[in-house]
Amino acid sequence: MAAAPSSFEEQIREELTCSICLELFTRPKVLPCQHTFCQDCLQDIVSRQVPLQCPICRQQARPPPQGVEGLPDNHLVTSLCERLQNQATLSGETREQPQSGNRCSFHPSEKLKLYCKPCQVPLCVDCVEEGHDGHPSITSLAKATQEKKSTVQALINEGRNILESYCSFIRGLREEEKTLNEQKQQRDNSIIQTYNKMVQKLKERKDLLLSESQQNHSENFEKIQTERDIVLADINELSAACDRAEQELQQGWVEFLSQQKALTEMVGKYREKAAPTPVQTQPAVFQPTGTPVPVLGHVTIQPLPSATIPAAPASSNGAAGGIGQDKGQVKPQCQSVTFGEYGSESGQFKSPLGATVSDEGEIFVADQGNQRIQVFTLQGTFLRQFPTIVSEEHQMEPGDVARDGEGNLWVVGWTESADFAVQYNKQGRVLRKFDLQNTGWYRGVAVDTRRNHILITQITGGKDNTHGEVLVFKPDGSLVRSVEGKWGSFLWRRQEMKKPRYITVDGEGNVLVSDNGNHCIHVCNEDGQFMFQFGGEGSGKGQLKYPFGICTDRAGNIIVADPGNSRVEMFDKTGRFLKHIATNMGKPLEVAMVTHGQLVVTDSNHKVSIFPFY
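Where an unreviewed UniProt entry is consulted, the chain appears under the name RING-type E3 ubiquitin transferase, with the organism given as Branchiostoma floridae. Database annotation for the chain, UniProt heading Catalytic activity (unreviewed entry): "S-ubiquitinyl-[E2 ubiquitin-conjugating enzyme]-L-cysteine + [acceptor protein]-L-lysine = [E2 ubiquitin-conjugating enzyme]-L-cysteine + N(6)-ubiquitinyl-[acceptor protein]-L-lysine." Annotation of the chain in UniProt includes, under Sequence similarities (unreviewed entry), the sentence "Belongs to the TRIM/RBCC family."

Novice: Could you clarify how one ought to interpret the pairing of strand β21 (residues 500-505) in this entry?
Specialist: Looking along a regular strand, one sees side chains alternate from face to face of the sheet. The buried fraction of β21 amounts to six of the six residues, a majority that puts the element mostly inside the structure. Inspection of the sheet shows β21 paired to strand β22 (residues 511-515) by four bridges, in the antiparallel sense. In the strand pairing of β22, V505 is matched with V511. Here β21 hands over to β22 after five residues, with G509 in that stretch at a positive phi of 90°.

Novice: How should the packing of aromatic side chains be read in this particular structure?
Specialist: How two aromatic rings sit relative to each other is set out by the distance from centre to centre and by the angle between their planes. Counted according to the given criterion, the structure contains twelve aromatic pairs. Here the aromatic rings of F339 and F349 are separated by 6.5 Å at their centres, their planes lie at 45°, and the arrangement is tilted. Placement of the pair is F339 in strand β9 (residues 337-339) and F349 in the loop between β9 and β10 (352-357), with a sequence separation of ten residues. A relative accessible area of 11% means that F339 is categorised as buried. Note on F349: relative accessible area 0%, which makes it buried. Taking the centre distance of 5.2 Å and the plane angle of 85° together, the rings of W414 and Y442 count as edge-to-face.

Novice: Got a minute to help me understand helix α4 (residues 125-132) in this structure?
Specialist: Because each turn of an α-helix spans 3.6 residues, side chains separated by three or four positions end up pointing in the same direction. Three or more residues of α4 are buried, namely C127, V128 and H132. Relative to the axis of α4, the buried residues are bounded by an arc of 100° and lie together on one face. Facing away from the buried side of α4 by more than 90 degrees, the exposed set consists of E129 and E130. On the buried face of α4, the contacting elements are β5 (114-116), β6 (121-123) and β7 (138-140).

Novice: I tried to follow the side chain of H606 on my own but got confused; where do I start?
Specialist: Looking at the secondary structure, you find H606 in the loop between β30 (598-603) and β31 (607-612). Given a relative accessible area of 18%, H606 falls into the buried group. Setting aside chain neighbours within four positions, we find H606 in contact with G340, E341, Y342, F349, K350, S351 and P352.

Novice: Before we go on, may I ask you to explain the pattern of salt bridges in this structure?
Specialist: Side chains carrying opposite charge are able to pair once their charged atoms draw close together. Applying the stated criterion across every chain, the model contains 23 salt bridges. A salt bridge links D44 to R48; its shortest N-O distance comes to 3.0 Å. A relative accessible area of 41% means that D44 is categorised as partly exposed. We classify R48 as exposed; its relative accessible area is 58%.

Novice: Please explain the sheet that holds strand β18 (residues 445-448) as it appears in this structure.
Specialist: Adjacent strands of a sheet form backbone hydrogen bonds with each other and so pair up, either parallel or antiparallel. Overall, antiparallel pairing links the three strands, which are arranged β18-β19-β20 in an open sheet. Here the strands that pair on one side only, and so sit at the sheet edges, are β18 and β20 (465-473). Adjacent strand axes in the sheet meet at a mean angle of 25°, parallel and antiparallel pairs treated alike. In the sheet, β18 pairs with strand β19 (residues 453-462) via four bridges, with the strands oriented antiparallel. Bridging across to β19, A446 finds its partner in L455.

Novice: Any chance you could explain unusual backbone geometry here in plain terms?
Specialist: Leaving glycine out, the prevailing phi sign among residues is negative, and the prevailing peptide bond configuration is trans. You will see that R58, though not glycine, has its phi angle at about 70°, which is positive. Here R58 is to be found in the loop between β3 (52-53) and β4 (60-61).

Novice: For this particular structure, what's the right way to read the nonpolar core?
Specialist: Inside soluble globular proteins, nonpolar side chains tend to come together where they are buried. Counting residues in hydrophobic clusters, the biggest one holds 28 residues, and the most contacted among them are I521, I559, V568, V591 and L599. When contributions to this core are tallied by element, the ones reaching two or more residues are β23 (520-524), β25 (550-552), β26 (558-562), β27 (567-571), β28 (577-583), β29 (588-593) and β30. The biggest single contributor to this core is β26, with four residues. Counting 20 residues, the second largest nonpolar core, distinct from the first, contains L16, L24, V46 and L71.

Novice: Before we go on, may I ask you to explain helix α5 (residues 141-251) in this structure?
Specialist: Under the 1.5 Å per step criterion, the end-to-end length of α5 is 153 Å for 111 residues, consistent within 8% with the ideal 165 Å. For α5, the set of buried residues is L141, A144, C167, N216, N220, A241, A245 and E248.

Novice: Would you mind going over the sheet that holds β10 with me for this structure?
Specialist: Taken together, the four strands give an open sheet; going across it, the order is β10-β11-β12-β13, and neighbouring strands pair in antiparallel fashion. Edge positions in the sheet fall to β10 and β13 (382-387), since each has one partner strand and no second. Pairwise comparison of adjacent strand axes, ignoring direction, gives a mean angle of 20° for this sheet. With five bridges joining them, strand β12 (residues 372-376) and β13 adopt antiparallel strand pairing. Within β13, the residue paired with F376 across the bridge is F382.

Novice: What is the right way to read the environment of T439 from this model?
Specialist: If you trace the backbone, T439 turns up in the loop between β17 (430-436) and β18. Overall, the relative accessible area of 18% leaves T439 in the buried class. The sequence separation of T439 and T460 amounts to 21 residues, and the corresponding C-alpha distance is 5.8 Å. Once residues lying within four places of it in the same chain are set aside, the contact partners of T439 are D419, Q458, I459 and T460.

Novice: It is not clear to me how the environment of Q39 should be interpreted in this structure. Could you clarify?
Specialist: Relative to the helices and strands, Q39 resides in helix α2 (residues 39-46). Since its relative accessible area comes to 9%, Q39 is described here as buried. Between the C-alpha atom of Q39 and that of K29, which follows or precedes it by ten residues, the distance is 5.8 Å. Dropping the residues within four chain positions of it, Q39 is found in contact with T26, R27, K29, V68 and E69.

Novice: Looking at this model, I keep getting lost on the pairing of β26. Mind explaining?
Specialist: In terms of residue burial, β26 counts as a mostly covered element, since five of its five residues are buried. Burial along β26 is two-sided: the face carrying I558, V560 and D562 and the face carrying I559 and A561 are both buried. Remark: five residues form the turn of the hairpin made by β25 and β26, two consecutive strands paired antiparallel; G556 in that turn has positive phi of roughly 90°. Judged from the five bridges that link them, β26 and β27 form a sheet pairing that is antiparallel. Bridged to D562 within β27 is R567. Linking β26 back to β27 in an antiparallel pair, the connection comprises four residues, with S566 at a positive phi of about 55°.

Novice: Just to check I follow, could you spell out the confidence of the model for the chain for this structure?
Specialist: Segments scoring low in pLDDT should not have their predicted coordinates read at a detailed level. Residues of the chain with pLDDT of at least 70 account for 85%, and the chain-wide mean is 82. Contacts for the low-pLDDT stretch residues 305-334, under 50 throughout, to residues beyond four places or in other chains number 46 contacts.

Criteria and thresholds
Residues numbered from 1 in each chain as written. Predicted model: local features only at pLDDT ≥ 70, side-chain atom pairs only at ≥ 80, totals over all residues. Heavy atoms only, no water. UniProt positions renumbered as here; feature names shortened; annotations may be inferred. Buried < 20%, exposed > 50% of the residue type's maximum accessible area, 1.4 Å probe, protein only. Helix = DSSP H or I, 4+ residues; strand = E, 2+ residues; numbered from the N terminus. Pairing = 2+ DSSP bridges. Phe/Tyr/Trp six-rings, centres within 6.5 Å; stacked < 30°, edge-to-face > 60°. Arc of directions from axis to C-beta. Contact = heavy atoms within 4.5 Å. Salt bridge = Lys/Arg side-chain N within 4 Å of Asp/Glu carboxyl O. Axes fitted to C-alpha atoms, helices over the stretch in contact; angles between N-to-C directions. Core = buried A, V, L, I, M, F, W, Y, C linked by side-chain atoms within 4.5 Å. Expected span 1.5 Å × (residues − 1). pLDDT = per-residue confidence, 0-100.

Here it is as structure tokens:
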């Protein structure tokens with residue numbers, strides 16, 4: 001067994017080493033199973049076998065149309081590798097460079113000999129005269145160094161201890177991953193062995209049934225053959241008598257007279273004999289048992305062992321909220337994840353108005369105030385971002401984002417003078433766009449993947465006299481005629497929809513719209529025919545106050561962001577209230593369902609939360 005790493009850098013380097021080439025990662029790519037490898041290493045494997053099989057867990061993955069380059073980048077690993085390489089470079093340069101003599105950066109001709117305790121900076125004589133004259137507690141640099149040495153050394157020791165605990169945690173993760181792989185192999189072997197035993201039993205049963213079928217067939221066939229032999233003997237006897245008499249009759253021999261008596265007896269025999277009756281066979285019929293396919297077994301997830309989990313710091317604004325706070329409801333054991341704060345740096349937000357999740361588990365957030373789309377993992381790790389470009393000169397503020405059937409993004413937003421719908425690929429390249437009416441109101445967007453239609457909400461009119469509709473477009477921007485014959489409108493105006501904000505399409509093609517003005521949800525079928533609405537203004541169960549984001553889960557249940565009540569509610573597909581999913585949180589803006597069973601919620605506190613759902 002290899003010796004344990006002797007330093008923090010060596011342990012980190014081990015974690016950042018590609019298991020194929022055994023070098024630091026270069027252009028690291030993430031497979032769907034979440035294992036990371038160098039792009040060139042994966043390209044070499046793909047050139048020899050497709051589909052690609054993960055070298056660690058053996059899970060198969062078919063590369064995207066762009067090839068290995070189209071796989072997601074592991075930006076975190078890239079950043080750590082660059083940092084490790086930079087540290088090695090700086091360390092080498094430090095060893096090679098001579099000492100500078102502690103020259104002052106402001107007065108290069110002077111040496112740093114003094115130390116200002118109040119300002120906590122080293123000084124030269126000129127520095128004292130220019131900016132520190134009169135400051136108390138100015139001492140020599142040598143004395144200050146001696147005084148601070150123990151403090152700094154204590155901080156270094158503390159930091160090293162913390163790093164060692166982190167390294168120990170990383171080693172534990174590595175062991176846990178090894179254990180998981182071994183357990184999976186044992187589990188898979190058990191499944192295969194059980195299957196093989198069942199197949200053997202089924203084969204034995206099949207052979208027995210086929211044997212019984214053959215025996216039945218032989219018995220019936222023997223009946224037919226026996227009856228055939230009897231009738232053939234009669235045919236032979238009667239035919240011979242007739243043939244002899246006919247031959248003698250034709251030749252005029254007198255012998256035929258002597259045959260008359262014998263022929264008379266023969267014909268009389270068969271005249272009185274009953275005609276052959278059909279053979280009564282009894283063919284067998286196979287009747288399936290009607291029982292379902294035998295169940296091999298069940299893969300169950302064992303409950304977590306009891307363990308002390310460090311308490312997470314309390315959130316001052318309650319952005320994560322409580323999950324399933326209804327009386328009598330069992331709280332999920334999984335922990336939620338909350339990330340983000342107000343700002344313009346990566347991972348910060350200024351009004352995260354929209355969100356959608358890819359099949360690969362990437363979260364795309366429409367960061368309205370920063371005019372960009374940010375991308376995160378399901379653990380809240382920042383991956384990348386791209387500006388919501390409309391043209392070379394303009395960027396728009398994104399109001400919502402949705403995913404189409406090919407995994408590309410449709411984003412609706414606005415500039416100072418126009419509204420747009422823009423299609424981007426997952427890396428942020430503009431694929432197509434079309435203009436929308438500049439109404440001055442927010443919009444929502446959804447994609448009917450079955451028809452490849454883009455559905456966009458629209459509000460027109462003044463503040464006290466608004467009316468809303470849903471416009472349906474083809475990807476080229478042309479409006480789609482509704483079944484009533486009006487271009488592009490679902491004719492929901494007759495249901496008095498005032499302020500349609502967000503929109504979604506469920507698994508059956510039905511369209512659901514949150515009406516911020518009427519505090520309700522409108523539901524229509526895929527052809528735009530109104531079906532029902534539910535909600536109503538209030539704070540009781542099933543009531544809404546200014547509903548925003550809306551999505552559906554795989555069972556057709558409807559999840560609604562209810563910012564006026566600081567909660568997220570869940571209804572069944574008929575609009576019947578089921579439960580509160582999250583309560584006591586900042587005003588939720590958008591909700592998006594993850595195929596893995598999590599719910600993504602953005603809120604007005606410039607945060608994104610991921611709740612365990614199933």
